[in-house]
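# Survey of secondary and tertiary structure
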Amino acid sequence: MSLIEVTGLVKTFERRQAPWGRPRLIRAVDRVSFAIGEGETLGLVGESGSGKTTTVRCLLRLIEPTAGSFLFRGEQVFGLPASRMRALRRDLQMIFQDPDSSLNPRMTAGGIVEEGLVIHGIGSPADRRARVRELFEWVGLDAGMAGRLPHELSGGQRQRVGIARALALAPAVLVADEPVSALDVSIQAQVVNVLMDLQQRLGLTLLLVAHDLRLVRHLCSRIAVMYRGRIVETGRAGAVFHAPAHPYTRALISAMPDPDPGSQPPRIRYDAAGFDPEAELGEVAPGHWAATSAARQ
Ligand SMILES: Nc1ncnc2c1ncn2[C@@H]1O[C@H](COP(=O)(O)OP(=O)(O)O)[C@@H](O)[C@H]1O
Ligand SMILES: [Mg+2]
C-alpha cells in the first residue's frame, strides 16, 4: 500500500460568461489517479491552467472534490469530518507558492514556525524554542531572524520560513505548490537546494507541483504530466525526460531552456486539436505510462 493513493479525482467548476448567461461546467481536474510511496518525490508538472493547484487543493480539502478517492495510509480522506481532518493536516503539510500572502504579517518568523507546535500542545516553551532553532538551521536561516516580521525578510527568507513552518510538526508528506516560482530567479536555486537537502536529510515524501521542469528534474524521482485536467504521462523522471512518449510531454521538454544555448534543439509545438481527453494511460515501458492513442490500441 502506498502512503498516498489518489483515484479518479474530478473537480468541476461552474463558469458563467455573463451574469445572465448559463453556467458552463469546467473540468479543472479530470479523472486523475496517482500514488506516492513513502520517501518518494512525485513532480506534478504542466502548463498554467492544467489543474495542478486544483488537484492539491482537493487533496488537502481546501476545496471539496467533485468525485474520486484519496487514501492516505489507507484511510479515505474525502468525506472525513472536520475534526479528523484537522488532526490529519498535521501529517499533510503544504508550502504555498506565495510566501507573502501565506505568512501572518503580524507574527515574527519564530512565532510562525512555532505556532503549529503551540496549537498541538507539543513540548515545553524551552523545547519549542530549541525545535525552532533546529528548523531555522535546516532551512538555512540565521537564528537572529526569529524576531523579525515577514516584511523585514527577503522573499527567499520568507519562503524558508514557510518551509520551516511546514516541517515543524514532522509531517509524513509535504505538498509544495510552485514553491519557488514567486521568487527572484537569482534566489530560486538557493531555495531549491534547501528542499533538496531536506529531502535527503529527512527522507521526505514530497508532492511537488511545478510548471518548471528543471525544478522537477532536480528534485523528483517520478513525474506526472498534466494537460487540461488529465494526467497524460507518468513514470520515473529519467524515463520521462529521456524517452517522453506523449506529444505534449515532448513539447514541454523541448521548451525547457538549455543551459548551453548553442545546443538548444528546435522547439516542438503541441497541436492541442489532436488531444483526446478520453485516451487512457497505457504502459509504454515498464513503469512508464502515457495516454497516447497508440498506447490504447
Ligand atoms: N475557484 C475557481 N473557479 C472557477 N474556475 C477555477 C477555479 N480555480 C481554478 N479554476 C480553473 O481551473 C483550471 C485549472 O486551474 P489551476 O488548478 O489553478 O491550474 P494550474 O495550477 O495548473 O495553473 C483553470 O482553467 C482555472 O481557471
Ligand atoms: Mg497553480
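Refer to the structure presented above.
These notes cover the structure that comes with them. Remember, predicted model here, so these are calculated numbers, not experimental data. Counting starts from 1 at the beginning of each chain's written sequence and moves along it residue by residue. Whichever chain is written first is A, and whichever ligand is written first is 1; the rest continue in order. Local features in this predicted model are restricted to residues of pLDDT 70 or higher, and side-chain atom pairs are both shown and tallied only at a pLDDT of 80 or more, whereas totals for entire chains, interfaces and linings draw on every residue. Side-chain numbers come from the whole structure's heavy atoms, not from hydrogens or water.

### Focus on the nonpolar core
To qualify as a nonpolar core, a set must consist of buried Ala, Val, Leu, Ile, Met, Phe, Trp, Tyr and Cys residues joined through side-chain atoms within 4.5 Å. Three exposure classes are used, based on accessible area relative to the maximum for each residue type with a 1.4 Å probe and protein chains only: buried under 20%, partly exposed in between, and exposed over 50%. In terms of nonpolar packing, the biggest core is built from 53 residues, with Val-161, Ile-163, Leu-167, Leu-198, Leu-208, Ile-223 and Val-225 touching the most fellow members. Of all the elements, helix α7 (residues 185-202) adds the most residues to this core, at 6 residues. In what follows, a contact means two residues having at least one pair of non-hydrogen atoms within 4.5 Å. Excluding anything up to four places from it in sequence, Leu-208 contacts Leu-42, Gly-43, Leu-44, Ala-176, Pro-179, Leu-215, Val-216, Leu-219 and Cys-220. Core analysis: the second largest hydrophobic core is formed by 32 residues, Val-32, Val-56, Phe-72 and Leu-88 among them. Segments assigned H or I by DSSP are reported as helices when at least four residues long, segments assigned E as strands when at least two residues long, and all are numbered from the N terminus.

### A short note on the site of ligand 1
We call a residue near a molecule or strand whenever a single non-hydrogen atom of that residue lies within 4 Å of it. The immediate surroundings of ligand 1 are formed by Phe-13, Arg-15, Ala-28, Glu-47, Ser-48, Gly-49, Ser-50, Gly-51, Lys-52, Thr-53 and Thr-54. Nitrogen and oxygen atoms within 3.5 Å of one another constitute a polar contact, given that in protein one can donate a hydrogen and the other can accept it, and given that sequence-neighbouring residues count only through two side-chain atoms. With respect to ligand 1, the backbone of Gly-51 contributes an N or O atom lying 3.1 Å from an oxygen atom. Within the side chain of Lys-52, one N or O atom sits 2.8 Å away from an oxygen atom of ligand 1. All accessibility values rest on the Shrake-Rupley procedure with a 1.4 Å probe; residue burial counts only the protein chains present in the view. Coverage of ligand 1 by the protein amounts to 63% of the 560 Å² it exposes when considered alone. When contributions to the shell around ligand 1 are tallied by element, the ones reaching two or more residues are β1 (4-15) and α1 (52-59). Among the elements that take part in the shell around ligand 1, α1 stands out by supplying 3 residues, more than any other.

### Section: the environment of Gly-46
Relative to the assigned elements, Gly-46 resides in the loop between β3 (41-45) and α1. Leaving out residues up to four positions away in the same chain, Gly-46 has contacts with Lys-52, Ala-210, His-211, Met-226, Tyr-248 and Leu-252.

### A closer look at the sheet that holds strand β5 (residues 75-76)
As summarised here, the arrangement of the 4 strands in space is β2-β1-β4-β5, forming an open sheet in which the pairing is antiparallel. For this open sheet the edge positions go to β2 (24-36) and β5, each flanked by a neighbour on one side alone. With 9 bridges connecting them, β1 and β2 associate as antiparallel partners. Looking across to β2, one finds that Ile-4 is bridged to Ile-36. Packed onto the sheet, α1 meets β1, β2 and β4 (67-72) and runs at close to 115° relative to β1. Any two strands are treated as partners once DSSP identifies two or more bridges connecting them. Only the contacting stretch of a helix is used when fitting its axis, a line to C-alpha atoms as for every element, and angles between N-to-C directions run 0 to 180 degrees.

Everything listed is a geometric property; what it means functionally is a separate question.
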